[in-house]
Amino acid sequence: MALAIVKETTVQPRSASKPMVCVDAVTMSFGDFVAVENVDLTVADGEFLTIVGPTGCGKSTILNAVAGLLKPASGTVSIDGAPVRGVRNDIGYLFQQDALLPWKTALENVELGPLFKGMGAAERRERATTWLAKVGLKGFEDRYPHQLSGGQRKRVQMAQALISGPKVILMDEPFSALDIHTRHLMQNELLRLWQEERRAVVMITHDLEEAIALGDRVVVLAAGPRSRVIDSFPVALERPRDVAEIKLDQRFTDLYRNIWSSLRGEVEKSYERHD
Ligand SMILES: Nc1ncnc2c1ncn2[C@@H]1O[C@H](COP(=O)(O)OP(=O)(O)O)[C@@H](O)[C@H]1O
Ligand SMILES: [Mg+2]
């Protein structure tokens, strides 16, 4: 699919935006094991935050706390000023794994969120059809997941995550199972959709290039246990961005070098501890 990326400078000031996600002194434990300790993170409304860190440092754990799936041992998480006390319906969640129901068509899968919210059949069908078209799957409404490619299934998942107009979009390594070309395509698609209606995004990735190409800011986590935030780097690259092209930009490579010098030691520590 050809993607028209309009080249224009649209860096919006983020400082004026209100905080949408606040992670305040959060510690996450599993029994005696302290996975992350005293983590503070604030994501402004409309900000695309990416989090990198070595495998097993607690990235998914933090995201699950924001989603209300795990309860912090101490500290608080709030969304739009209200404390998170359980699973919420104003969050869109995009996982690495295929989370589609295999016995439902693409359209029925996208309809699930609105269905759970009690939306009437005609309206949710119409919304789901519109969203499938938005993610480039017009004509694929009646396909079952096994009749779709990995990239197409990811598109269905994006429609699922976005259809309800969530305040916050959480993504846990959503593209890591895709081949590099499909991954670039999906990353560009995601940016295009996000640009239309900017939400607060928290994306976890172990891929530093992806973190820089997509994010407004990259946060680095320390090796676990007791992982914490060790650095935060603003990404002052204009949007819209083409993720494949932006990697050739000198500012990108400079930023990559800076962040890698912070991340590298943590990755090495993580290997020493686990291998
Ligand atoms: N349910 C659980 N029970 C016990 N330990 C867990 C559980 N979930 C995660 N952990 C541990 O917490 C740490 C962080 O895990 P996770 O957040 O999945 O890391 P990441 O997403 O950064 O790879 C790891 O050491 C992992 O083994
Ligand atoms: Mg994880």
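Each chain carries its own residue numbering, running from 1 in the direction its sequence is written. Working convention: letters from A go to chains and numbers from 1 go to ligands, in the order in which they are written. This being a predicted model, a pLDDT of at least 70 is required before a residue's local features are given, and a value of 80 or more before pairs of side-chain atoms are given or counted; all residues contribute to the totals for chains, interfaces and linings. Hydrogens and water molecules were not included; the side-chain quantities draw on all heavy atoms of the structure.

**Regarding the sheet that holds strand 5 (residues 82-83)**
For step 1, the next point in the chain: Pairing between strands is defined by DSSP: at least two bridges between them are needed. By the criteria applied, helices consist of DSSP H or I runs no shorter than four residues and strands consist of E runs no shorter than two, each listed in order from the N terminus. Taken together, four strands build an open sheet; the order of strands is 2-1-4-5 and the sheet is antiparallel. One side of each edge strand has no neighbouring strand; the edge strands of this open sheet are strand 2 (33-44) and strand 5.
For step 2, the next point in the chain: Two elements, strand 1 (residues 19-30) and strand 4 (residues 74-79), share five bridges in a ladder whose sense is antiparallel. Across the sheet, Asp-24 pairs through a bridge with Thr-76, a residue of strand 4.
For step 3, the next point in the chain: Two residues form a contact once any of their heavy atoms are found within 4.5 Å. Interaxial angle, 0 to 180 degrees, is taken between N-to-C directions of lines fitted to C-alpha atoms, where a helix line uses only the stretch in contact. Along the sheet face, helix 1 (residues 59-67) touches strand 1, strand 2 and strand 4 and points at about 120 degrees away from the line of strand 1.

**Topic: the sheet that holds strand 6 (residues 91-94)**
The strands making up a sheet are joined through hydrogen bonds of the backbone, oriented either antiparallel or parallel.
For step 1, the next point in the chain: Strand order in the open sheet made by the six strands is 6-7-8-3-9-10, with mixed pairing throughout. Edge positions in the open sheet fall to strand 6 and strand 10 (229-234), since each of these has one partner strand only. Within the sheet, the average angular offset between the axes of one strand and its neighbour, ignoring direction, is 15 degrees.
For step 2, the next point in the chain: The pairing of strand 7 (residues 168-172) with strand 8 (residues 200-204) spans five bridges and is classified as parallel. Residue pairing for strand 8: Ile-169 is matched across the bridge by Val-201.
For step 3, the next point in the chain: Of the strands in this sheet, strand 3 (48-52), strand 9 (217-221) and strand 10 touch helix 8 (residues 250-274), which is tilted by about 170 degrees from strand 10.

**What to know about unusual backbone geometry**
For step 1, the next point in the chain: In this structure, Pro-225 follows Gly-224 across a cis peptide bond, with omega equal to -5 degrees.
For step 2, the next point in the chain: Position of Pro-225 relative to the elements: it lies in the loop between strand 9 and strand 10.
For step 3, the next point in the chain: With an omega dihedral of 0 degrees, the bond running from Arg-239 to Pro-240 counts as a cis peptide bond.
For step 4, the next point in the chain: Its location among the elements puts Pro-240 in the loop between strand 10 and helix 7 (243-246).

**Focus: the site of ligand 1**
For step 1, the next point in the chain: Taken together, Phe-30, Phe-33, Ala-35, Pro-54, Thr-55, Gly-56, Cys-57, Gly-58, Lys-59, Ser-60 and Thr-61 make up the full set of residues adjacent to ligand 1.
For step 2, the next point in the chain: Under the rule applied, a polar contact is a pair of N or O atoms within 3.5 Å (in protein, one hydrogen donor and one hydrogen acceptor; residues adjacent in sequence only if both atoms are side-chain atoms). One nitrogen or oxygen atom from the main chain of Gly-58 is found 3.0 Å from an oxygen atom belonging to ligand 1.
For step 3, the next point in the chain: Lys-59 has a polar backbone atom sitting 2.8 Å from an oxygen atom of ligand 1.
For step 4, the next point in the chain: In isolation ligand 1 offers 560 Å² of accessible surface; the protein chains occlude 57% of this area. Being near a molecule or strand, for a residue, means having at least one of its heavy atoms within 4 Å of it. We get accessible surface area from the Shrake-Rupley algorithm with a probe of 1.4 Å; when it comes to residues, only the shown protein chains can shield them.

**Points about the UniProt feature "domain: ABC transporter" (unreviewed entry) in the protein**
For step 1, the next point in the chain: UniProt positions are given in the numbering used here, feature names are shortened, and annotations may be inferred rather than shown by experiment. Under the local residue numbering, the UniProt record ascribes the feature "domain: ABC transporter" (unreviewed entry) to residues 21-248.
For step 2, the next point in the chain: In residues 21-248, the share of helix is 33% and the share of strand is 26%. The end C-alpha atoms are 32 Å apart.

**Comments concerning the pattern of salt bridges**
For step 1, the next point in the chain: A carboxyl oxygen of Asp or Glu within 4 Å of a side-chain nitrogen of Lys or Arg is what we treat as a salt bridge. With the rule as written, the count across this model stands at 21 salt bridges.
For step 2, the next point in the chain: One salt bridge in this structure joins Asp-207 and Arg-183, with 3.6 Å as the shortest N-O distance. With Asp-207 in the loop between strand 8 and helix 6 (208-214) and Arg-183 in helix 5 (residues 180-196), this residue pair connects regions lying 24 residues apart in the sequence.
For step 3, the next point in the chain: Here's how the labels work: a residue is buried when its accessible area is under 20% of the maximum for its type, exposed when over 50%, partly exposed in between, all with a 1.4 Å probe on protein chains only. Residue class for Arg-183 comes out buried when judged on its relative accessible area of 18%.
For step 4, the next point in the chain: The partner of Asp-249 in a salt bridge is Arg-251, and the shortest N-O contact between them spans 3.1 Å.
For step 5, the next point in the chain: What you see here is one network of salt bridges that share partners, running through Lys-18, Asp-80, Arg-88, Asp-90 and Lys-167.

**Let's talk about helix 3 (residues 121-134)**
Three or four residues apart is the spacing at which side chains of an α-helix point the same way, because the helix has 3.6 residues per turn.
For step 1, the next point in the chain: By definition here, a helix of n residues has an expected span of 1.5 Å times n minus one. Here helix 3 is 14 residues long and its end C-alpha atoms lie 20 Å apart, about the 20 Å a rise of 1.5 Å per residue gives.
For step 2, the next point in the chain: Within helix 3 the residues assigned to the buried category are Arg-124, Ala-128, Trp-131 and Leu-132. The arc enclosing the buried residues of helix 3, seen along the axis, measures out at 100 degrees, which places them on a common side. In this structure, helix 3 carries Ala-122 and Glu-126 as exposed residues pointing more than 90 degrees from its buried face.
For step 3, the next point in the chain: Residues of helix 3 that are buried sit in contact with helix 2 (106-116), helix 4 (150-162) and helix 5.
For step 4, the next point in the chain: Phi turns positive one or two residues past the end of helix 3, at Gly-136, with a value near 85 degrees. Starting at the helix axis, one direction is taken to each C-beta atom, and the arc is that of these directions.

**Thoughts on the domain arrangement of the protein**
For step 1, the next point in the chain: Each assigned domain of the protein is listed here: domain 1 (17-90 + 170-189 + 198-275) and domain 2 (98-165).
For step 2, the next point in the chain: Here domain 1 and domain 2 have C-alpha centroids that lie 26 Å from each other.
For step 3, the next point in the chain: The interface of domain 1 with domain 2 comprises nine residues on the first partner and eight residues on the second.
For step 4, the next point in the chain: A buried area of about 710 Å², summed over both sides, lies between domain 1 and domain 2, and 62% of it is on carbon and sulfur atoms.
For step 5, the next point in the chain: If you look at where domain 1 meets domain 2, you find one salt bridge.
For step 6, the next point in the chain: Ionic pairing is found between Glu-189 and Arg-155, a salt bridge with its closest N-O pair at 2.7 Å.
For step 7, the next point in the chain: Inspection of the domain 1/domain 2 interface yields three residue pairs in polar contact (both at pLDDT 80 or more).
For step 8, the next point in the chain: Polar here means any residue other than Ala, Val, Leu, Ile, Met, Phe, Trp, Tyr, Cys and Pro, which are nonpolar, and Asp, Glu, Lys and Arg, which are charged; Gly is therefore polar. In the side of domain 1 that touches domain 2, the residues fall into five nonpolar, two polar and two charged. Where each domain begins and ends is defined by an automated method or by a domain database. A quick way to say it: buried area is the sum, across both parts, of accessible area lost when two parts are put together, with a 1.4 Å probe.

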